[in-house]
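If you want the building blocks of each chain, they are given just below.
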Amino acid sequence: MRDQHKRDKPLRDKPWIFRTYAGHSTAAASNALYRKNLSKGQTGLSVAFDLPTQTGYDSDHPLAKGEVGKVGVPISHLGDMRMLFDGIPLGEMNTSMTINATAAWLLALYVALADEQGVARKSLQGTTQNDIIKEYLSRGTYVFPPAPSMRLTRDVILFTTKEMPKWNPMNVCSYHLQEAGATPVQELAFALATAIGVLDAVKASGECAPEEFGEVVGRISFFVNAGLRFVTEICKMRAFTELWDEITRERYGVTDAKQRLFRYGVQVNSLGLTEQQPENNVARILIEMLAVTLSKDARARAVQLPAWNEALGLPRPWDQQWSLRMQQILAYETDLLEYDDVFGGSPAIAAKVAELKAAAKDELAQIEKMGGTVAAVESGYLKQQLVESNSRRVEAIERGEQIVVGVNRFVETEASPLADAAGAVVTVPAEAETGQIERLKAWRAARDAKAVAAALEALRRAAKNGANIMPPSIACAKAGVTTGEWGFALRSTFGEYRAPTGVGTAMRNDAEGLDDIRAAVDRVSKKLGRRLKFLVGKPGLDGHSNGAEQIAARARDAGMDVVYDGIRLTAEAIVAAAVEKRAHVVGLSILSGSHMPLVQDVVARMKEAGLDSVPVVVGGIIPPQDASALKRAGVAQVYTPKDFELNRIMADLVRIVEGSADRAQ
């Protein structure tokens, strides 16, 4: 009985929400995964959507080819949403949806499904990420220009405040900023500047009564990242909580302390997960989790952890279970939740928090001086800051100043029984895409075409006249409108946008270790009769541009003539640019798992255009068997995350171009 009493003893603090970020292949497969994870003790859902869904395309759109179900679940209409949540009562679930450009649409589908289930909107709990600013800076799944995108964010906030009071309409996301190389100060400042920009827009709309504004502030949440600099990350989170309290009290006059709370969820850093000795990632993930759970005064409300093998590919259910168990062991087997804040009164912590706050305030003042976060996006300032800070991080790893165990130090290793096992990652079968397209066509054929047309017309009217986008979007969902139809209705009104790349044209003079490579570039350029030209392309819908940006910047600093036009290019556009710019080598960056169809398409089109002699190199999360297949298809070289030495890649490019030129003579 004594042991039973110990087990039943209530915790002083409730555990955070346990999540895993999941979704792939099909709605049915994802539903099965969700139900299995919930049965293992997961307490909330975190839905990953595929790239076509995130960028407002149907699964059968030409740009969606090869991308369906790869990095998340495809949701093309209400029928897919029904399948995704089959057997999962929405009124009892806390659902986080990582969705931004199309956040209003996915929320509309969720609300339409709740209405079908008879679940009151006021009882729905969860979060739409709905942070478009970081999409322009890091993740890349934006669609519309900043101004109308901010309007959509505002509309979701106003709608949920009135009709879904338990819903978090925006998750200001600094997670991807750190993934793009942000320093702790940049993560603090850029995320808080985004929140300020959104709240200012809500206030300026005149559609929120002053007495309701505190509720708007109280429903804004954050989604942050935690890296391996353990003490700094703890202090960063404490700085976030203090700065948010100050901003909401002083700038917006929020008097209710509860509405000023910094409420955040977290996924710990995936940028630092290594392909080399991937078992080391388990320790990294655990340590990073401690940074956002140990400090009660700045503890995460929800935690989702990556799997140890995410640098290798899509994790299996067992891998996700391992990460879930880490959370449960910390919450239930340790005494963490029985104590008040263990860092209160620490002079070292207080000093670091003060230092971070002061630097973040300086950066916030700079952004304010530029006209706010939207102006700082449009000018390219924020993106350029991230590219430069990421360059410094990459260079520090290359020089060995920043130690990464198993990568640039302690590289001797035994063969991994985990990573080398058959089926160590999930592979999305080709049938997932074909089946999704068949279901989509059947859905279109079975719906009421007149009702769809009327709903889309009402949506376009709302977009043009400034009415809140949510009610007509929900009506569209119920009428059977598809994700692509919703997206193109708004494209026709708002237009599309290409964000600044952050990669300047001027060569950096302070780059180290490039003298020999620059000399080689000069020598080969003389042999070619003009400056060696390197075209960096990102085909498909993948918006993860960090690697492409660093490659382009390093090639520029090595003396190459670089062409980089940013993300989401068609194969036709890449080949046309290679012809027009007379590229000597083409580099393709793909991290969505769609490398096989996309690379094969580019290579085939280059042959058709008479560019057989122009070598193609590829970078991404590419399994060894796929790398071999790509080389057999004519790719000159394949690079994966283990190839962290960018100068070596630059030397390879010079050698590859020279070899191609010699063979052509």
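Residues numbered from 1 in each chain as written. Predicted model: local features only at pLDDT ≥ 70, side-chain atom pairs only at ≥ 80, totals over all residues. Heavy atoms only, no water.

Asks: I'd like a rundown of the environment of Glu-512, residues and numbers included.
Replies: Mapped onto the fold, Glu-512 is located in the loop between α20 (483-494) and α21 (515-528). We classify Glu-512 as exposed; its relative accessible area is 51%. Distance from Glu-512 to His-24, taken between C-alpha atoms, is 42 Å for residues 488 residues apart in sequence. (Helix = DSSP H or I, 4+ residues; strand = E, 2+ residues; numbered from the N terminus. Buried < 20%, exposed > 50% of the residue type's maximum accessible area, 1.4 Å probe, protein only.)

Asks: Outline unusual backbone geometry, listing residues and values.
Replies: Phi at Gln-277 takes a positive value of approximately 40°, unusual for a residue other than glycine. Along the chain, Gln-277 falls in the loop between β9 (264-267) and α12 (280-291). Given the relative accessible area of 13%, Gln-277 is considered buried. Although it is not a glycine, Arg-568 adopts a positive phi angle of roughly 55°. Checked against the element boundaries, Arg-568 lands in the loop between β12 (561-564) and α23 (571-581).

Asks: I'd love a proper account of the environment of Ala-424, names of residues and values included.
Replies: Inspection of the secondary structure assignment puts Ala-424 in the loop between α16 (381-399) and α17 (430-446). Look at Ala-424 and you get buried, because its relative accessible area is 9%. Here the alpha-carbon distance between Ala-424 and Lys-258, two residues 166 residues apart in the chain, equals 45 Å.

Asks: Explain the layout of surface pockets to me, using residue names and the numbers behind them.
Replies: Considering only enclosed or pocket space, the second largest pocket measures out at about 930 Å³ in volume. Along its surface, the second largest pocket is lined by 40 residues, and Arg-263, Tyr-264, Ala-300, Arg-301 and Ala-302 are the ones closest to its centre. (1 Å grid on protein atoms, 1.4 Å probe; cavity = no way out; pocket = protein on both sides within 12 Å on 5 of 7 lines; lining within 4 Å. Points joined across faces, edges and corners; volume = space filled by probe spheres on them.)

Asks: Can you tell me about the packing of aromatic side chains, naming the residues and giving the values?
Replies: For the structure on display, the rule yields 18 aromatic pairs. Taking 5.0 Å as the distance between ring centres and 40° as the angle between the ring planes, the aromatic pair formed by Tyr-136 and Tyr-142 counts as tilted. Residue classification places Tyr-136 among the buried positions, given a relative accessible area of 3%. Using a relative accessible area of 4% as the deciding quantity, one classes Tyr-142 as buried. With a centroid separation of 4.4 Å and 35° between ring planes, the pair formed by Phe-222 and Phe-262 is classed as tilted. Placement of the pair is Phe-222 in strand β8 (residues 220-224) and Phe-262 in the loop between α11 (230-250) and β9, with a sequence separation of 40 residues. Residues Phe-222 and Phe-262 agree in their burial class; the two are buried. Members of the aromatic cluster, joined through ring pairs, are Phe-222, Phe-240, Trp-244, Phe-262 and Tyr-264. Here the guanidinium or amino end of Arg-491 rests over the ring plane of Tyr-57, the centre of that ring lying 4.4 Å away. (Phe/Tyr/Trp six-rings, centres within 6.5 Å; stacked < 30°, edge-to-face > 60°. Lys NZ or Arg CZ within 6 Å of the ring centre and 35° of its normal.)

Asks: How would you summarise the side chain of Gln-186 if you had to cite specific residues and measurements?
Replies: Residue position: Gln-186 is located in helix α9 (residues 184-205). Taking the relative accessible area as the measure of exposure, Gln-186 reaches 7% and is therefore buried. Only 3.0 Å separates the side chain of Gln-186 from the backbone nitrogen of Thr-183, close enough to count as a polar contact. Once residues within four sequence positions are removed from consideration, Gln-186 is found in contact with Gly-181, Ala-191, Gln-385, Leu-386 and Ser-389. (Polar contact = N/O pair within 3.5 Å; in protein donor to acceptor, adjacent residues only side chain to side chain. Contact = heavy atoms within 4.5 Å.)

Asks: An account of helix α5 (residues 103-117) is requested, with residue identities and associated values reported.
Replies: An ideal rise of 1.5 Å per residue puts 21 Å on 15 residues; α5 measures up with 21 Å between its terminal C-alpha atoms. The buried fraction of α5 is high, at 12 of 15 residues. Turning to α5, its buried residues are Ala-103, Ala-104, Trp-105, Leu-106, Leu-107, Ala-108, Leu-109, Tyr-110, Val-111, Ala-112, Leu-113 and Ala-114. A positive backbone phi angle near 75° is found at Gly-118, which sits one or two residues after α5. (Expected span 1.5 Å × (residues − 1).)

Asks: Account for the confidence of the model for the chain, with residues named and values stated.
Replies: Looking at the chain as a whole, the pLDDT averages 94, with 98% of positions reaching at least 70. Low confidence marks residues 1-6, where pLDDT is under 50. Its contacts with residues over four positions away, or in another chain, come to zero contacts. (pLDDT = per-residue confidence, 0-100.)

Asks: Talk me through a nonpolar patch on the surface; I want residue IDs and the actual numbers.
Replies: Side chains of Ile-403, Val-405 and Phe-410 sit close together on the surface and give an oily, nonpolar patch of about 270 Å² of accessible area. Its location among the elements puts Phe-410 in the loop between α16 and α17. (Patch = residues over 30% accessible without salt bridge, like charges linked within 9 Å, V, L, I, M, F, W, Y side chains within 5 Å. Areas by Shrake-Rupley, 256 points an atom, 1.4 Å probe, with all protein chains shown as cover. Salt bridge = Lys/Arg side-chain N within 4 Å of Asp/Glu carboxyl O.)

Asks: Hey, could you go over the sheet that holds strand β2 (residues 21-22) for me, with residue numbers and the actual values?
Replies: If you trace the five strands from one edge of the open sheet to the other, you get β2-β3-β4-β5-β6, paired in parallel fashion. The sheet is open, and its two borders are formed by β2 and β6 (167-168), each paired with just one other strand. In this sheet, β6 lies alongside strand β5 (residues 125-128) in parallel orientation, the contact comprising two bridges. Residue pairing in the sheet places Gly-126 in a bridge with Trp-167 of β6. (Pairing = 2+ DSSP bridges.)

Asks: Now, about empty space enclosed by the protein: what can you tell me, with residues and values included?
Replies: Evaluation of the coordinates by the stated rule reveals two cavities of 30 Å³ or more. Computed from the structure, the largest cavity encloses a volume of approximately 40 Å³. Along the walls of the largest cavity sit Asn-100, Ala-101, Asn-130, Ile-132, Phe-144, Ser-149, Leu-152 and Thr-153, which together make up its complete lining. Around the second largest cavity, the lining residues are Ser-391, Glu-395, Arg-508, Gln-550, Ala-553, Arg-554, Asp-557 and Leu-646. Residue assignment for the lining of the second largest cavity shows that the elements contributing at least two residues are α16 and α22 (546-557).

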